[in-house]
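Each chain, written out:
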Amino acid sequence: MNVYDFVVKDGQGKEAALSQYSGKVLLIVNTATRCGLTPQYEGLEALYKQYQNQGFEILDFPSNQFLKQAPGTDAEISDFCTLNYGTTFARFAKIDVNGKDAEPLFTWLKQQAPEDKGDAESESFEKKVKLLKPFSKASDIKWNFGKFLVGRNGNVIARYSPAYTPDKLAQDIEQALTQK
């Protein structure tokens, strides 16, 4: 099994097969529009513009699971991101990333990469948010803007902490783009 085996809902609620991204390097991110990390949309869009022509895609999955920081409809979220951050990458329907109602894609992603890659800033951030929202499992998504890098073969390469900023991902993306 790999990421291309999943079917998710797009921003209009229609089924979208991830097989349409076969052979591409993917960054799959759970996002929110009213979070202290929301400005990461700017960095994500910069990565997308820089690497899109080389076979890179970002898949944005809004989630309202963390202090309800992704309110509104899928259309309202999309409008917010486009107007405020100029995002042009794919955005999907709002989902849960943890718990019994977690989107199966995210359950699989967490199984493939149960631990976040981060830095001192990421570790400090995760300690703070744990006080706000305890995680039931060590592999749970810690907060909005958890990121998974997936190679062209559909397998997870790495998982990154929510506070690990998009600009720090460039080297890993470049390496993934060179692999077949």
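Look up a bit, the structure's there.
For the structure given in this document, a descriptive report is provided here. Because the structure is a prediction, the values reported are computed rather than measured. (Residues numbered from 1 in each chain as written. Predicted model: local features only at pLDDT ≥ 70, side-chain atom pairs only at ≥ 80, totals over all residues. Heavy atoms only, no water.)

### Quick notes on the sheet that holds strand β6 (residues 147-150)
At step 1: Here we have five strands laid out as an open sheet, ordered β5-β4-β3-β6-β7, and mixed in their pairing. Edge positions in the open sheet fall to β5 (90-91) and β7 (156-160), since each of these has one partner strand only.
At step 2: Pairing of β6 with β7, which is carried by four bridges, proceeds in the antiparallel orientation. Within β7, the position partnered with V150 by the bridge is V156.
At step 3: Taken strand by strand, helix α5 (residues 170-178) contacts β3 (25-31), β4 (56-62), β6 and β7, and its axis lies near 25° from that of β6. (Pairing = 2+ DSSP bridges. Helix = DSSP H or I, 4+ residues; strand = E, 2+ residues; numbered from the N terminus. Contact = heavy atoms within 4.5 Å. Axes fitted to C-alpha atoms, helices over the stretch in contact; angles between N-to-C directions.)

### Describing the packing of aromatic side chains
At step 1: With the rule as written, the count across this model stands at 12 aromatic pairs.
At step 2: Seen in terms of ring centroids, Y51 and F56 are 6.2 Å apart; in terms of plane orientation they differ by 85°. Their pairing is edge-to-face.
At step 3: A relative accessible area of 2% means that Y51 is categorised as buried.
At step 4: By relative accessible area, F56 is classed as buried at 0%.
At step 5: The interplanar angle of 10° and the centroid separation of 5.5 Å between the aromatic rings of Y160 and Y164 together place this pair among those described as stacked.
At step 6: For Y160, a relative accessible area of 1% corresponds to the buried category.
At step 7: On the accessibility criterion, Y164 (10% relative accessible area) is buried.
At step 8: Here a set of aromatic residues connected by ring pairs shows up, and it is made of Y41, Y48, F80, Y85, F89 and F145. (Phe/Tyr/Trp six-rings, centres within 6.5 Å; stacked < 30°, edge-to-face > 60°. Buried < 20%, exposed > 50% of the residue type's maximum accessible area, 1.4 Å probe, protein only.)

### As for the pattern of salt bridges
At step 1: For the structure shown, the criterion picks out seven salt bridges.
At step 2: A salt bridge links K24 to E57; the shortest N-O distance between them is 3.9 Å. Of the two residues, K24 sits in the loop between β2 (15-17) and β3 while E57 sits in strand β4, which places them 33 residues apart along the sequence.
At step 3: For E57, a relative accessible area of 11% translates into the label buried.
At step 4: For D101, the salt bridge goes to K100, with nearest N and O atoms at 3.2 Å. (Salt bridge = Lys/Arg side-chain N within 4 Å of Asp/Glu carboxyl O.)

### Here we look at the side chain of D10
At step 1: Relative to the assigned elements, D10 resides in the loop between β1 (7-9) and β2.
At step 2: Although D10 is buried, it makes no salt bridge; K14 carries the closest opposite charge, 6.0 Å away.
At step 3: D10 has contacts with A16, R91, F92 and A93, leaving out every residue within four places of it along the chain. (Lys, Arg positive; Asp, Glu negative; His and termini not counted.)

### Description of the environment of R34
At step 1: Among the secondary structure elements, R34 is positioned in the loop between β3 and α1 (40-51).
At step 2: Sequence-wise, R34 and A46 are 12 residues apart; in three dimensions their C-alpha atoms are separated by 20 Å.
At step 3: Beyond its immediate stretch of four places on either side in the chain, R34 contacts Q69 and P71.

### Some thoughts on the pairing of β6
At step 1: Of the two faces of β6, the one holding K147 and L149 and the one holding F148 and V150 are both buried throughout.
At step 2: When β3 meets β6, the two strands line up antiparallel, connected through four bridges. When the sheet's bridge partners are listed, L26 is paired in β6 with V150.
At step 3: In this structure, the hairpin formed by β6 and β7 is closed by a connection of five residues, where G154 is found at a positive phi of approximately 90°.

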